Amino acid sequence: MEIILADVHGFCFGVKRAVDGVYDAVKKGRVVTLGPVTHNKRVLAQMADAGVSVVNSVDEVSVRKDITVVLRAHGVAPHVYEELNEKGLKYIDLTCPCVADNQKLAKKMHEDGFVVIVAGDAAHPEVVGINGWAGDAAIIISSFEEVSNRKWDNRRKYFLISQTTFSAEIFDQISHLLHQNIKNFSVQNTICKATIDRQNACAQLAKKATKMLILGDTTSSNSKKLYDISRNLQKNTYLIENIADLDLKNFSTCDIIGITAGASTPPDAIKEAIKLMSEIEKNLNNAEVVEQESNETENFEDMLKESVTTLHTGQVVTGKVISIVNGEVMVDLQYKSDGIIQRGQFSENSDVNPSDEVSPGDEITVFVLRVNDGDGNVLLSKKRVDAQRGYKDIDAAFVSKEPLMGKIVEVTKGGLIVNIGGVRVFVPSSQVSARFTRDLSEFMGQELLFSILELDKSKRPWRIIGGRKELAAKLEKEARDKALEGLEEGSKVSGNVTSVAKFGAFVDIGGVDGLIHVTELGWGRTKKVEDALKVGDKVEAYVIKINRETGKISLTLKSVENDPWHNLLTRYPVGSIVIGKVVRMMPFGAFIEIEEGIDGLVHISQIAHKHVKHPEDVLSIGQEVEVKIMEIDTDKRRISLSVKQAIDMDYDDYDDDYDDDYDDYDDDGYDDAAPEETTEE
Ligand code: F3S
């Protein structure tokens, strides 16, 4: 077996510059990348571990001083810069210089009146960006068939450029056909040199290899192109994300194995592949000797599996817990080195103590972050396995519409970030609850059920939108129905004040809110609800009315026991003299409070022995006076008092005008007949 690595392979200049740029930025603060920096899961996983988040639009980024937005090598359309500047976000532009040149060229040709044609994939972010620089008016062509199928306007002039990672061969075909179809046509091949060199090296190697391994993510455009180029020349071509994904039964001792890698494949993935293939080669040689000696035929694949014990980054393996020290878990992986789950890699929830979850001897499934951290340890992550499981659960929940439990871990400008099974899910503010909530921070740390509303698996990481508006409304209704079931008018309930309005206070009485109207806050007169109750107060109330259709419940704080009119006649016998305080003046008399919530009227004729024209000529608000209880009408809740009679105990002057004037009043003590400006309130 011979193993040959392509002359040009792996990280290109632009991707390396972007990856290094992200790690430089991480040293200075929080980093958010606008789209994944590369199309390689391993690189993205390592970045996620370093705390780098990926968003798909500027809208999703919180405006915070410590956040830096990174623009990846693919570049972006001009409107993205405008959005970043408008939001005042700090950003680093790591657009590959080759892509930036392409954008400038597209802009210039568009401004010069050319229709810009881009040979490339219309959905690729680089092409989306270039189209933006061409006034969003570019024609995107990905195959020469599309050239034939389209009508070209020979009154216009066209200019062809290319996605930097496009296939040179297809570009030539497209260019050739456009020349034939369009009168006024110019072209500039903008495929970057790194791409051309990598494609040429791949083609050369494919011609002489018997098996070709293309290391790259299946979502990477340039890796797929390498695969296509190689496959045309060598049908035994395999596109694999990890060398461990290789099906060994296809290989034999006579193979010439060519290895190359896409522009987003990191160096350690290539090294791992070479190492494993070299070990295979070595074992094959040994196997040949053993076979000659024992004359036994052994399955090639089984033999390799037995002799080669490997671990690779990104692998999910099961081991046994050896120990838990200071929050770090040591794991036996049956590998030459033990694995370690460092703090922060055990669970997404930083409050979780590993000792509470696992014990020595327990089996544990982990994700290999790095095979060798430099000190010979295998770095592991349990939270990554949880997240993978979380992605699976989210996928299933999206289909089944079953809600999932999640913990609110962050409040952003546009909503909440919720941790659902180790996966960060965005919940827009409109979806947080059944009602509008101004301050979302009240949800921080809560664990609630969420539905998966949107799931786009074509994005890396997946674009997941969660919500609980409908769910919250349903749960509230269920709770309300249940609470209403056990509720009767007249029953006593207790609960906490949830909100206060001008007209009353709402009280949560166990899954359902009841309203205590301002007039029901007490037997006395309450001017402001806030004077009586505030949010959070615990109250005991009586149910006055239940509307089971609308779910509206009216409550009162008034009860017979706390009614100041209870036993009033016993406490204030008619004829007794008490000291009261003047609380209101009317043209026909003054109201005197004899105890809190109880006041009676001293008719103007009962204020003094002399003729009184206006009550305020004799009395003033707040003044304490001795009054005689003349009459108590407990049904109408009225008390007639006399100052005059308190002085001389003479009943003679008590006349019928008294009752007539009192009758002009409603229960609030207002004179319905009196002119408004004379009403003191
Ligand atoms: Fe730049 Fe070419 Fe790489 S355009 S990002 S150097 S493939």
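All residue numbers refer to position in the chain's written sequence, counted from 1. Where totals are concerned, whole chains, interfaces and linings use all residues; where local detail is concerned, this predicted model gives features only for residues with pLDDT of at least 70, and gives and counts side-chain atom pairs only at 80 or more. Side-chain numbers come from the whole structure's heavy atoms, not from hydrogens or water.

1. Some points on the pattern of salt bridges
Reasoning step 1: Definition used for salt bridges: Asp or Glu carboxyl oxygen within 4 Å of a side-chain nitrogen of Lys or Arg. This structure, assessed with the given rule, holds 24 salt bridges.
Reasoning step 2: Where Arg424 meets Glu410, a salt bridge forms, and the shortest distance between an N and an O atom there is 2.9 Å. With Arg424 in strand 20 (residues 423–428) and Glu410 in strand 18 (residues 404–411), the pair connects residues that are 14 residues apart, well separated along the chain.
Reasoning step 3: For each residue, the accessible area found with a 1.4 Å probe, counting protein chains only, is set against the maximum for its type, and the residue is called buried under 20%, exposed over 50%, and partly exposed in between. Looking at Glu410, the relative accessible area reads 13%, which means it is buried.
Reasoning step 4: The salt bridge partner of Asp537 is Lys534, with a shortest N-O separation of 3.3 Å.
Reasoning step 5: Beyond isolated ion pairs, a larger network of salt bridges with shared partners links Arg30, Glu410 and Arg424. Starting at the N terminus, helices and strands are each numbered in turn, a helix being any DSSP run of H or I of at least four residues and a strand any DSSP run of E of at least two.

2. Topic: the pairing of strand 5 (residues 90–93)
Reasoning step 1: The criterion for strand pairing is that DSSP finds at least two bridges linking the strands in question. Note: strand 4 (residues 67–71) against strand 5, four bridges, orientation parallel. Within the sheet, the bridge partner assigned to Val69 lies in strand 5 and is Tyr91.
Reasoning step 2: Seen with its strands pointing away from the viewer, a crossover is right-handed if its path from the first strand over the helix to the second goes clockwise. Between the parallel pair strand 4 and strand 5, the chain is carried across by helix 3 (residues 78–87), and the sense of this crossover is right-handed.

3. Digging into the sheet that holds strand 3 (residues 53–55)
Backbone-to-backbone hydrogen bonds pair the strands of a sheet. The strands run either parallel or antiparallel.
Reasoning step 1: In space, the four strands of this open sheet follow the order 3-2-4-5, with parallel pairing throughout. Only two strands of the sheet have a single partner each, and these edge strands are strand 3 and strand 5. Each strand axis lies, on average, 30 degrees off the axis of its neighbour in the sheet, ignoring direction.
Reasoning step 2: With three bridges joining them, strand 2 (residues 30–34) and strand 3 adopt parallel strand pairing. Across the sheet, Val32 pairs through a bridge with Ser53, a residue of strand 3.
Reasoning step 3: Any two residues whose heavy atoms approach within 4.5 Å at even a single point are treated as in contact. Axes here refer to lines fitted to C-alpha atoms; in helices the fit is confined to the stretch in contact. Angles between the N-to-C directions go from 0 to 180 degrees. The sheet contacts of helix 1 (residues 13–26) involve strand 2, strand 4 and strand 5, and relative to strand 2 the element is tilted by about 150 degrees.

4. Section: the site of the ligand
Reasoning step 1: Throughout, near means a residue has at least one heavy atom within 4 Å of the molecule or strand. Around the ligand sit Cys12, Gly14, Val15, Cys96, Cys98, Val99, Thr164, Thr165, Cys192 and Thr195, and that is every residue in its neighbourhood.
Reasoning step 2: Note on residue categories: nonpolar means Ala, Val, Leu, Ile, Met, Phe, Trp, Tyr, Cys or Pro, charged means Asp, Glu, Lys or Arg, and polar means any other residue, Gly included. Of the residues contributing to the shell around the ligand, the split by class is six nonpolar, four polar and no charged.

5. What about the environment of Met277?
Reasoning step 1: Here Met277 lies in helix 10 (residues 267–294).
Reasoning step 2: Given the relative accessible area of 0%, Met277 is considered buried.
Reasoning step 3: The spacing of Met277 and Ile257 is 20 residues in sequence and 8.7 Å in space, taken between C-alpha atoms.
Reasoning step 4: In this structure, Met277 is in contact with Met1, Ile3, Leu213, Ile243, Leu246, Phe251, Ile257 and Ile259, ignoring residues within four places of it in sequence.

6. Section: the environment of Gly414
Reasoning step 1: Locating Gly414 in the fold gives a position in the loop between strand 18 and strand 19 (415–420).
Reasoning step 2: For Gly414, a relative accessible area of 32% puts it in the partly exposed group.
Reasoning step 3: Along the primary structure Gly414 and Pro428 are separated by 14 residues, whereas in three dimensions their C-alpha atoms are 5.8 Å apart.
Reasoning step 4: Setting aside residues up to four positions removed in sequence, Gly414 forms contacts with Phe426, Val427, Pro428 and Ser429.

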